[in-house]
Amino acid sequence: MILDLKDLKPHERQNYLQHAIAPRPICFASTIDKAGNINLSPFSFFNLFSTNPPVVIFSPGRRIRDNTTKHSLQNVLEVPEVVINIVDYDMVQQTSLASCEYPKGVNEFVKAGFTPEPATMIKPPMVKESKVKMECRVLEVKVLGSEGGAGNLVICEVLRMHIDESILDENKKIDQRKLHHVARLGGDWYCRVDETNLFIVQKPSTRLGIGLDALPESIRNSKILTANNLGQLANIHEYPIVDPSFEDDHLKQIIQYYNVNPDEMEKELHSHAKRLLDEGRIMEAWQVLLTGN
Ligand SMILES: Cc1cc2nc3c(=O)[nH]c(=O)nc-3n(C[C@H](O)[C@H](O)[C@H](O)COP(=O)(O)O)c2cc1C
């Protein structure tokens, strides 16, 4: 299916884009108006765009229904300050409750049952229950359109972070396994980050990976090795050579049983290499594969 965005109704555009561009982190924005009324609302059109200077952007859109603007936007235009609170799994239902369209002046800290905690540099309060809070100054609001669905980029400089000790490791860095982020996808779908679904992809080193085009055809066309396995094999910086000191009992057995049948031997070697790759043992997998090449 091919879609031209100009042919879609605004709510259809929103639907396709929000399902495709996902998961999105959630900015739980605490703002205040000139009269001192506090507002707290979630925004998943949100991300980090620069670390030096430290800049994050979230986007309260014009409502598709009636083209009105959100209180959070009105507030930052009056008082250009915001606390961005990171939402974790323990807070997700209350956060969703805070997204109800309460009338202006209604404090969602009260409605959703969060505890306001004074910020140290700006006027809007922080959400005590959030494990990471960022005190931000609004640098600019960039209006993207005047129709329903148009975004307003609230460009924020992060001045100070407050990080709960419980999510830090022994080096005072955030332990990714301890911060159970939730993120928004399309419709009512959310996802949760925890130890059972986190995984590591090794960064390519500063040296260049050899690339998939450098892999021998028998490996590239393997029916056993997956696309991810090929990505791992191609991410080494120089083509490996046979290491005579490499010892592997299973490899010895494969050679012993299958050397009369090269096709079967290749299958066995690829299966063994795949198991090693799935355990992140890339150089060992290469040694196994070099046996067949
Ligand atoms: C998880 C979540 C993410 C949301 N993301 C956005 C968003 O990025 N932009 C937006 O305009 N509304 C978003 N909404 C809806 C707003 O939170 C909702 O319109 C809210 O009532 C705005 O409040 P305000 O008028 O008090 O600022 C989101 C709602 C939820 C629950």
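As the structure is a prediction and not an experimental result, all values here were calculated from the model. (Residues numbered from 1 in each chain as written. Predicted model: local features only at pLDDT ≥ 70, side-chain atom pairs only at ≥ 80, totals over all residues. Heavy atoms only, no water.)

### Things to note about the pairing of strand S2 (residues 27–32)
Just so we agree on the cut-off: Only protein chains enter the area calculation, which uses a 1.4 Å probe; residues under 20% of their type maximum are buried, those over 50% are exposed, and those in between are partly exposed. Under the DSSP-based scheme used, a helix requires at least four consecutive residues in state H or I and a strand at least two consecutive residues in state E, with every element numbered from the N terminus. Note: two strands are recorded as paired if DSSP finds a minimum of 2 bridges between them.
Burial of S2 is extensive: six of the six residues sit out of reach of the surface. Going residue by residue along S2, you find Cys27, Ala29 and Thr31 tucked away on one face and Phe28, Ser30 and Ile32 tucked away on the opposite face as well. With six bridges joining them, S2 and strand S3 (residues 38–43) adopt antiparallel strand pairing. Across the sheet, the residue bridging to Ser30 is Leu40, located in S3. The hairpin formed by S2 and S3 contains five residues between the paired strands, and Gly36 there has a positive phi angle of roughly 95°. Pairing geometry for S2 and strand S6 (residues 81–86), over four bridges, is antiparallel. Residue pairing across strands places Cys27 opposite Ile86, the latter belonging to S6.

### Some details on the sheet that holds strand S1 (residues 24–25)
Sheet architecture is open: three strands sit in the order S1-S11-S12, paired in antiparallel fashion. The open sheet is flanked by S1 and strand S12 (190–192), the only strands paired with a single partner. Across two bridges, S1 lies against strand S11 (residues 182–184) in antiparallel orientation. Along S11, the bridge assignment pairs Pro25 with Ala183.

### Quick word on the environment of Glu78
Spelled out, the test is: Any two residues whose heavy atoms approach within 4.5 Å are treated as being in contact.
Inspection of the secondary structure assignment puts Glu78 in helix H2 (residues 71–78). Remark: the alpha-carbon pair of Glu78 and Thr31, spanning 47 residues in sequence, is separated by 9.8 Å. Setting aside chain neighbours within four positions, we find Glu78 in contact with Asp33 and Lys34.

### Brief notes about the environment of Ile64
You can see Ile64 is positioned in the loop between strand S5 (54–58) and H2. When residues no more than four places from it in sequence are discounted, the contact partners of Ile64 are Pro10, His11, Gln14, Gly148 and Gly149.

### Digging into a nonpolar patch on the surface
Rules: The patches reported here contain residues having more than 30% relative accessible area and no salt bridge. Joining distances are 9 Å for like charges and 5 Å for nonpolar side chains (Val, Leu, Ile, Met, Phe, Trp, Tyr). For accessible areas, the Shrake-Rupley method is used with a probe of radius 1.4 Å. Any residue's cover is judged against the shown protein chains and nothing else. Should a side-chain nitrogen of Lys or Arg be within 4 Å of a carboxyl oxygen of Asp or Glu, the pair is scored as a salt bridge.
Together, Met1, Leu3, Leu5, Tyr16, Leu17 and Ile21 make up a nonpolar patch on the protein surface, roughly 600 Å² of accessible area in all. Take Met1: it is sitting in the segment before helix H1 (10–20). A relative accessible area of 81% means that Met1 is categorised as exposed.

### Observations regarding the site of the ligand
As a reminder of what qualifies: It suffices for a single heavy atom of a residue to lie within 4 Å of a molecule or strand for the residue to be listed as near it. Whenever two N or O atoms come within 3.5 Å, that pair is a polar contact, provided that in protein one can donate a hydrogen and the other can accept it, and provided that, for residues adjacent in sequence, both atoms are side-chain atoms. Each residue is assigned to one class: nonpolar for Ala, Val, Leu, Ile, Met, Phe, Trp, Tyr, Cys and Pro, charged for Asp, Glu, Lys and Arg, and polar for all the others, Gly among them.
Taken together, 20 residues form the shell around the ligand, and within it Pro42, Ser44, Gly61, Ser72 and Ser99 come nearest. Side-chain polar atom of Ser41 to an oxygen atom of the ligand: 2.8 Å apart, as the coordinates give it. Within the backbone of Pro42, a nitrogen or oxygen atom sits 2.8 Å from an oxygen atom of the ligand. Notes on the ligand: free accessible area 650 Å², of which the protein chains cover 92%. Mapped onto the shell around the ligand, the elements with two or more residues apiece are S3 and H2. A total of four residues in the shell around the ligand trace back to one element, the largest contributor, which is S3. Split by residue class, the shell around the ligand holds seven nonpolar, eight polar and five charged.

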